[in-house]
Amino acid sequence: TQSTRPQRLLSAVQKNATRGNPRSVVRAIDEFCRHKEWAMNVGDEKGCILDSIVSEVNPVTVLELGTYCGYSTVRIASLLPPNAKLITLEFNPDFAAIARQVIAWAGLQDKVQLVEGSSGDWIPKIQEQFGINTFDLVFLDHWKDRYLPDTKLMEKCGLLRKGSVLVADNVICPGTPDYLEYVRSSPCYKSQYFISHLEYTKAEDGLEKSVFLG
Ligand SMILES: O=C(CSCCNC(=O)c1cc(-c2ccc(F)cc2)cc(O)c1O)c1ccc(O)c(O)c1
Ligand SMILES: [Mg+2]
């Protein structure tokens with residue numbers, strides 16, 4: 001049977017990265033996606049911007065919406081302090097199965113909780129299920145038309161506190177126009193656009209960093 005792209009990406013990690021070395025896992029995926037097969041990871045260019053924001057926030061609680069193969073999960077988790085926790089939600093069970101193995105190869109499984117299911121179902125249950133009140137950082141990288149409804153849902157569920165930082169991928173390509181309009185016009189957010197490129201291409205894309213003002 002034919003392998004899938006996520007399976008080929010995992011094989012590249014197992015072949016070229018060192019177990020327990022997150023940076024080598026990130027490098028192996030970027031090499032694979034740049035020279036073999038494009039895949040929808042946040043990538044090296046936007047990844048550096050993400051790294052700088054994560055390091056600045058130094059979060060203890062992180063929520064990632066959209067795991068895919070775990071590339072950004074590994075990037076973020078590798079920068080977290082020892083007691084920190086990252087919860088990552090993935091709707092697609094095939095993606096989740098690959099991501100678990102990528103995260104394990106990086107040796108970060110103790111910092112990461114991968115949850116399979118839809119964000120709309122899971123966001124209201126996070127507090128009771130994982131004993132987390134609010135998130136210091138949220139990385140949005142899932143269905144682009146779910147960024148806005150899920151942000152409003154997180155507000156409603158009290159998962160954001162004054163100073164919580166939202167980082168959204170793909171706000172230009174594929175684009176999240178309704179989300180951008182909301183975080184840029186709402187008095188409850190202070191937003192900033194970090195221009196970059198769509199992973200492994202020359203097309204414009206960027207990250208939107210939005211601080212919740214409470
Ligand atoms: O894929 C999903 C939803 S989560 C991934 C969302 N992310 C994207 O779609 C995404 C897309 C692009 C991108 C793609 C083509 C282009 F030409 C240009 C850009 C880039 C990104 O950085 C992204 O994050 C899923 C879920 C459940 C399922 O059953 C299933 O088959 C699939
Ligand atoms: Mg993305």
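Look a little higher up for the structure.
As the structure is a prediction and not an experimental result, all values here were calculated from the model.

Trainee: Is there a simple way to think about the coordination of the magnesium ion (ligand 2) in this case?
Mentor: Within the protein, the magnesium ion (ligand 2) binds to Asp 141 (OD), Asp 169 (OD) and Asn 170 (OD1); these donor distances fall in the range 2.0 to 2.2 Å. Taken in sequence order, the residues that donate to the magnesium ion (ligand 2) follow the motif D-x27-D-N. Here Asp 141, found in the loop between β4 (135–140) and α8 (147–156), pairs with Asn 170, found in the loop between β5 (160–168) and α9 (171–175); they are 29 residues apart in sequence, far enough to count as distant. By relative accessible area, Asp 141 is classed as buried at 14%. Look at Asn 170 and you get buried, because its relative accessible area is 3%.

Trainee: Where do I start with the environment of Ile 53 in this structure?
Mentor: Its location among the elements puts Ile 53 in helix α3 (residues 43–57). Residues Ile 53 and Asp 178, 125 residues apart in the sequence, show an inter-C-alpha distance of 23 Å. If near-sequence neighbours (up to four positions away) are discounted, Ile 53 is found in contact with Leu 137, Val 165, Val 167, Phe 194 and Lys 209.

Trainee: How should I be thinking about the site of ligand 1 in this particular structure?
Mentor: In the region of ligand 1, 15 residues are neighbours, and Phe 91, Asp 141, Lys 144, Asn 170 and Glu 199 sit closest. A distance of 2.8 Å separates an oxygen atom of ligand 1 from a polar side-chain atom of Asp 141. Between Asn 170 and ligand 1, the recorded distance is 2.7 Å, taken from a side-chain N or O atom to an oxygen atom. Coverage of ligand 1 by the protein amounts to 70% of the 670 Å² it exposes when considered alone.

Trainee: Can you walk me through the packing of aromatic side chains in this structure?
Mentor: A ring pair, where both rings are aromatic, is described by two values, the distance of the centres and the angle of the planes. On inspection of all chains with the given rule, the structure shows 5 aromatic pairs. On the numbers, 4.8 Å between centres and 90 degrees between planes, the contact of Tyr 68 with Phe 95 is edge-to-face. Within this pair, whereas Tyr 68 is found in the loop between β1 (61–65) and α4 (71–77), its partner Phe 95 is found in helix α5 (residues 93–105), the two being separated by 27 residues in sequence. An aromatic cluster of at least three residues, connected via ring pairs, comprises Tyr 182, Tyr 189 and Phe 212. Taking the ring centre of Trp 122 as reference, the NZ or CZ of Lys 125 above it sits at 4.5 Å. Seen from the ring of Tyr 182, Lys 152 lies directly overhead, with NZ or CZ sitting 5.1 Å from the centre.

Trainee: Can you walk me through the side chain of Thr 88 in this structure?
Mentor: One can find Thr 88 in strand β2 (residues 85–90). Residue classification places Thr 88 among the buried residues on the basis of a relative accessible area of 0%. At a separation of 2.7 Å, a polar atom in the side chain of Thr 88 contacts the side chain of Glu 64. Those residues within four positions of Thr 88 in sequence are excluded, and the remaining contacts are Glu 64, Thr 67, Thr 73, Val 112, Gln 113, Leu 114 and Val 115.

What counts, and where the lines are drawn
- Residues numbered from 1 in each chain as written.
- Chains lettered and ligands numbered in written order.
- Predicted model: local features only at pLDDT ≥ 70, side-chain atom pairs only at ≥ 80, totals over all residues.
- Heavy atoms only, no water.
- Donors = N, O, S within 2.8 Å, 3.2 Å for Na, K, Ca; no water.
- Helix = DSSP H or I, 4+ residues; strand = E, 2+ residues; numbered from the N terminus.
- Buried < 20%, exposed > 50% of the residue type's maximum accessible area, 1.4 Å probe, protein only.
- Contact = heavy atoms within 4.5 Å.
- Near = heavy atom within 4 Å.
- Polar contact = N/O pair within 3.5 Å; in protein donor to acceptor, adjacent residues only side chain to side chain.
- Areas by Shrake-Rupley, 256 points an atom, 1.4 Å probe, with all protein chains shown as cover.
- Phe/Tyr/Trp six-rings, centres within 6.5 Å; stacked < 30°, edge-to-face > 60°.
- Lys NZ or Arg CZ within 6 Å of the ring centre and 35° of its normal.

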